[in-house]
Amino acid sequence: MTIPKSFLLVGTFATMCKESGSFAWLPQGSNRNNISSQRHQHQHPFAQRSFLSTSTSPDNEVIMGLNELQTLLREAVKNEEFDEAIKLRDILAERVSSGAYSPTGSTGTDGGDKRKMKRLSWRGLGTAPWLEDRLDAINYKFPTTIQINAFESVNTMLGALGDEPTQNFDKETLEELIYRKGTPGLNMGVVVSGSTGSGKTLSYLVPMLSTLSESLFTRQRVRVKSEEDIGDAADDFIARVAVQTSPVVSGHGRKSVGGRTTGGDGDGTGTKTIATGAALSSMGKSGTDVKNPLALIVVPTRELGVQTALLLYELVGGSTKKTATEMSGLKNMFKYKGPKGVKIGCILDEEEAKYGLKLQTDVAITTPEHLPKLIRDGDIVPSKLRVIIYDEADLALEQTSDDDLNALFRDTESDRDFSRLTYLVGATVTESLGKLCVKDSVLPSGKSFIATATRFAPIVSQDDFENDDAGSDSEGKATLKDLGMCLDPGLRHERIIAPENAGLVCLARMLRKELRNYENELVMAGDDDAKVHRPRVVVFFPGEDEARAAIEPMRDAMWGEHKLCVLLPKSGVNPLTIMEQFKSGQTSVMLATPNSVRGLDFADLTHVYTLYLPADDPREYLHLAGRVGRIGQMGSVAGSGGRVTSILRPDEADEMIDLAKQLNFSFENVEYDSGEVDQSNVEDMRRFLEDAISLVSLTDDPDLDLDEVEKNRPVIQYDDDEDDDDDDDDDDDDDNN
């Protein structure tokens, strides 16, 4: 791995020199080429330092997103390139420190940031010790910048970074702080606003589990004790205890992930052992509630809910092996030291909603569609929830009625047993949405923070912000105006203007070209081919009807060079299976709609194509583009990934310019491949004709010279005499019969 010769960090503080090059802040307003020179004029303050740029001169500058920088750091650690890793770590430490909120007592005597390096580790943030070990085991060895800032927001609200001696905080986890500082009337809110792929899911799951850690251990002890009290009359005590100490994701047609299976041939065909005792009651003998959920996660789609549940399942000791022969290594549940038997209840479709959460549940995951029934049936008791999370908050809150929000958030202090922590998470959480959340008590006034990949700060009213004196720390505060759509600046955007009705044929030619480039790169790389990735692509259509109509002709056109699938959550067959097949690499091109994959993470994805432009809804473009350029994927500067190509009709071309201004990105024009054909090559001609017949109804491709095709058509000659002899033999046989 090589780091670009020079990094120019866009921001406001001094130059740092490193052996591999210079790391310097580029003054605001410096000249840039193309639209890049205007990129920052309209960005809200939290987005101004969300990227790096790399070049040998300011006139030849290439933007590197913060996601790609953090990917380089992880690659350096994985490959044990520790000198490079230290340099990258120092850059990130400076970046996070520059945007850190500084309450009284959080700076040293020299004015420096006392937590500059400490906050770069899970332990330094206050993560529960068992969870720190688990994160390391499943290869989340250190937090991303947005995870740091989300965690530090809660630490700040609890006073951990204030006037108290820091050694007290160093010895306390987040849960211990909440017990010491929290009261039933203390509600806290964090708006996690960051670009797609920046690690927002863990930014709430890790604090959530750290907050609930001791309660989950207590529930484990109560459940096991209840089984002990029942005794072993049925000779199934060990099996019942195994159920209570195994993490379980319930849902998906009432089939569980995890838990204890008995009988069968070891292939999962046996029956689930059913727990008794605490599983059938709402209270254990100690009076501790082991049934009602402690946390609620609301997501807009079933697919995102499944992905979140499986990640949470891994965090609490579960193992999700992709193949039967895969070795779990440190992920093995027997090396897990955290609370055992955590119950994750998923209500994500109509079949699951019929049953609800009738048995014990620690963390509930649902969609806005099914939330009111869960509250109405008593499966979710809002006053007992200690953590509430809205992921992809803009879409999920739009789908939640005002009555449901009131039922969830507007309970009185006397009703609550604990303080409550609320997360609103997304890349498109805007000012207008934030105002509605404050109005509806979703975000508690005076105890809410905004956390991005580059900064965290308390939310104050616009009037208070404007009335601050010049000498006050107004730069360390935020308002809802700071919220905006966050598009990773390291993506490479392209526009192709194709003739009317030629979008699919253009797509097929681009996919073939990518495969040719990949094969050439393999030859050039020789033995060092580990960093050469085969193209993995998602293609977006405006609706499920268009995606369904395209799948068969595209499969025919690719001639098996790509394995295609189509994800249709509303009208397709087995969408969850199709999603998992694409994630595991069984297919390499997925046709989809933007909302169907919103929030989903696909490893090693290299390219996104869209056959339409959502000019009326910039959020849609942001989310479809956000499938690439994520932390852990190949970037557009250090690699050939992070590309978003829009194949547009001529009448849509100008809309791309308007969209680029709205989302503050630049794009390149790519020439339409007219598909010039060597008419003497039969295979090329065959492919050209198949494309023209199956992929396009009206095209401006080059005229086909049929006379030339006929001239070069291979002629098959037959031996007439030999055929006659065969016929004669057949006649003789007939006569003999």
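Everything discussed here concerns the structure shown above.
Our subject in this report is the structure included herewith. Just so it is clear, the model here is predicted, and its values are computed rather than measured.

### Let's talk about the pattern of salt bridges
Here's step 1: Under the definition given, this model contains 28 salt bridges.
Here's step 2: Residue R643 pairs with E494 through a salt bridge whose shortest N-O separation is 3.2 Å. Of this pair, R643 sits in strand β23 (residues 643-648) while E494 is found in strand β18 (residues 492-497), placing the two residues 149 residues apart along the sequence. Just as R643 is buried, E494 falls in that class too.
Here's step 3: With its nearest N and O atoms 3.6 Å apart, the salt bridge here joins E652 to R649.
Here's step 4: Overall, E652 belongs to the buried group, its relative accessible area being 7%.
Here's step 5: R649 gets classed as partly exposed once you look at its relative accessible area, which sits at 33%.
Here's step 6: Look at the salt bridges and you will find they share partners, linking E392, D394, E398, R598, D617 and R619 into a network.

### Thoughts on a negative patch on the surface
Here's step 1: Negative charge collects at one region of the surface, where D616, D654, E655 and D658 lie side by side.
Here's step 2: Mapped onto the secondary structure, D654 falls in helix α21 (residues 653-663).

### Focus: helix α4 (residues 129-137)
Here's step 1: Within α4, burial applies to W130, L131, E132, R134, L135 and A137.
Here's step 2: In the stretch just after α4, N139 is the one whose phi turns positive, near 70°.

### A word on helix α19 (residues 575-583)
Here's step 1: Inspection of α19 places P575, L576, I578, M579 and F582 among the buried residues, and these make up the whole buried set. Taken end-on, α19 shows its buried residues confined to a sector of 160°, consistent with a single buried face.
Here's step 2: Looking at the buried residues of α19, the elements they touch are α10 (302-315), β19 (537-540), β20 (564-566) and β21 (589-592).
Here's step 3: Directly after α19, the chain includes G585, whose backbone phi takes a positive value near 90°.

### Examining the side chain of S596
Here's step 1: Locating S596 in the fold gives a position in the loop between β21 and β22 (607-610).
Here's step 2: A distance of 2.6 Å separates the side chain of S596 from the backbone oxygen of T593, its partner in a polar contact.
Here's step 3: Ignoring anything within four residues of it in the chain, the contact list for S596 reads E303, L567 and P569.

### Examining the sheet that holds strand β24 (residues 667-669)
Here's step 1: With parallel pairing, seven strands are arranged side by side in an open sheet as β20-β21-β19-β22-β23-β18-β24. In this open sheet, the two strands that pair with only one neighbour each are β20 and β24. Mean inter-strand twist for the sheet, computed between neighbouring axes without regard to direction, equals 20°.
Here's step 2: Strand direction decides the pairing type here: β19 and β22, joined by four bridges, are parallel. Across the sheet, V537 pairs through a bridge with H607, a residue of β22.
Here's step 3: Where helix α17 (residues 503-525) meets the sheet, it contacts β18, β19, β22 and β23, and its direction lies at approximately 165° from that of β22.
Here's step 4: Against the sheet, helix α18 (residues 544-558) contacts β20 and β21, and its axis sits at roughly 175° relative to β20.

### Looking at unusual backbone geometry
Glycine aside, negative phi is the norm for most residues, and most peptide bonds take the trans geometry.
Here's step 1: Phi is positive for E80, which is not a glycine, with a value near 60°.
Here's step 2: You can see E80 is positioned in the loop between α1 (66-78) and α2 (82-98).
Here's step 3: One non-glycine residue, N501, adopts positive backbone phi at about 65°.
Here's step 4: Checked against the element boundaries, N501 lands in the loop between β18 and α17.

Cut-offs and rules
Residues numbered from 1 in each chain as written. Predicted model: local features only at pLDDT ≥ 70, side-chain atom pairs only at ≥ 80, totals over all residues. Heavy atoms only, no water. Salt bridge = Lys/Arg side-chain N within 4 Å of Asp/Glu carboxyl O. Helix = DSSP H or I, 4+ residues; strand = E, 2+ residues; numbered from the N terminus. Buried < 20%, exposed > 50% of the residue type's maximum accessible area, 1.4 Å probe, protein only. Patch = residues over 30% accessible without salt bridge, like charges linked within 9 Å, V, L, I, M, F, W, Y side chains within 5 Å. Areas by Shrake-Rupley, 256 points an atom, 1.4 Å probe, with all protein chains shown as cover. Lys, Arg positive; Asp, Glu negative; His and termini not counted. Charge placed at Lys NZ, Arg CZ, Asp CG, Glu CD. Arc of directions from axis to C-beta. Contact = heavy atoms within 4.5 Å. Polar contact = N/O pair within 3.5 Å; in protein donor to acceptor, adjacent residues only side chain to side chain. Pairing = 2+ DSSP bridges. Axes fitted to C-alpha atoms, helices over the stretch in contact; angles between N-to-C directions.

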